[in-house]
Amino acid sequence: MLKSLLQVLISKIGVLDTASSSLISGDVVVPAGVNAKENRLSSTAPFSGYAVATVKCTASVVNLIVDSKTFTQVISNVTQEVLYQSVCAPCAKGDKVELAVLAKSNGSLDLRFFPINNGK
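Let us look at the structure shown here.

Parameters at a glance
- Residues numbered from 1 in each chain as written.
- Predicted model: local features only at pLDDT ≥ 70, side-chain atom pairs only at ≥ 80, totals over all residues.
- Heavy atoms only, no water.
- Salt bridge = Lys/Arg side-chain N within 4 Å of Asp/Glu carboxyl O.
- Buried < 20%, exposed > 50% of the residue type's maximum accessible area, 1.4 Å probe, protein only.
- Helix = DSSP H or I, 4+ residues; strand = E, 2+ residues; numbered from the N terminus.
- Pairing = 2+ DSSP bridges.
- Axes fitted to C-alpha atoms, helices over the stretch in contact; angles between N-to-C directions.

## Quick word on the pattern of salt bridges
With the rule as written, the count across this model stands at three salt bridges. Across the pair Arg 40 and Glu 38 runs a salt bridge whose closest N-O atoms are separated by 2.7 Å. Residue class for Glu 38 comes out partly exposed when judged on its relative accessible area of 42%. A salt bridge links Asp 110 to Lys 56; the nearest nitrogen and oxygen atoms lie 2.9 Å apart. Of the two residues, Asp 110 is situated in strand β8 (residues 107-115) and Lys 56 in strand β3 (residues 49-56); the sequence distance between them amounts to 54 residues.

As C-alpha cells, then:
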C-alpha cells in the first residue's frame, strides 16, 4: 500500500530530471565609481519544472520573477565576496522567467531550467 501511495504521489508532483537541463547565462557589469547597479536576465521556460537562478558576484538583492510572482532573496551587509547565491522557483512551460540583481561587483548570472518527468 505504501509503495502504491508513493507511486501516485510521484506521478502527481514529478521527479526532477537533473540530466536534462537548459542554461541561459549573462554577465553582470558594474561601472567603475558606481556603488551598485541593476542587472537583468530573462528567458521563457522551455519546459515545466524548476528554474534555478545563480548569481556569481557580490549582490545586495536578488529577485527571481516567474510570471509576475517574485521569489526574493535579500543579501544584506555583505562584508566578503559571496561567490554563489541561488534562488529556486517552480515554473511551467512558457512562463516568463526573469532574474533581477542589484550587483555590487562584476560577475555572471545563470538561469538553469530543470524539467520534471510527470508527463506534463
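That shown, we press on.
## Considerations on the sheet that holds β3
Reading across from one edge, β1-β8-β3-β6 is the order of the four strands in this open sheet, with antiparallel pairing throughout. Either end of the sheet is taken by a strand with one partner, and the two such strands are β1 (22-28) and β6 (85-91). Between one strand axis and the next, the sheet turns through 15° on average, direction left out of account. For β1 and β8, the ladder comprises seven bridges, and the chain directions are antiparallel. Along β8, the bridge assignment pairs Ile 24 with Leu 111.

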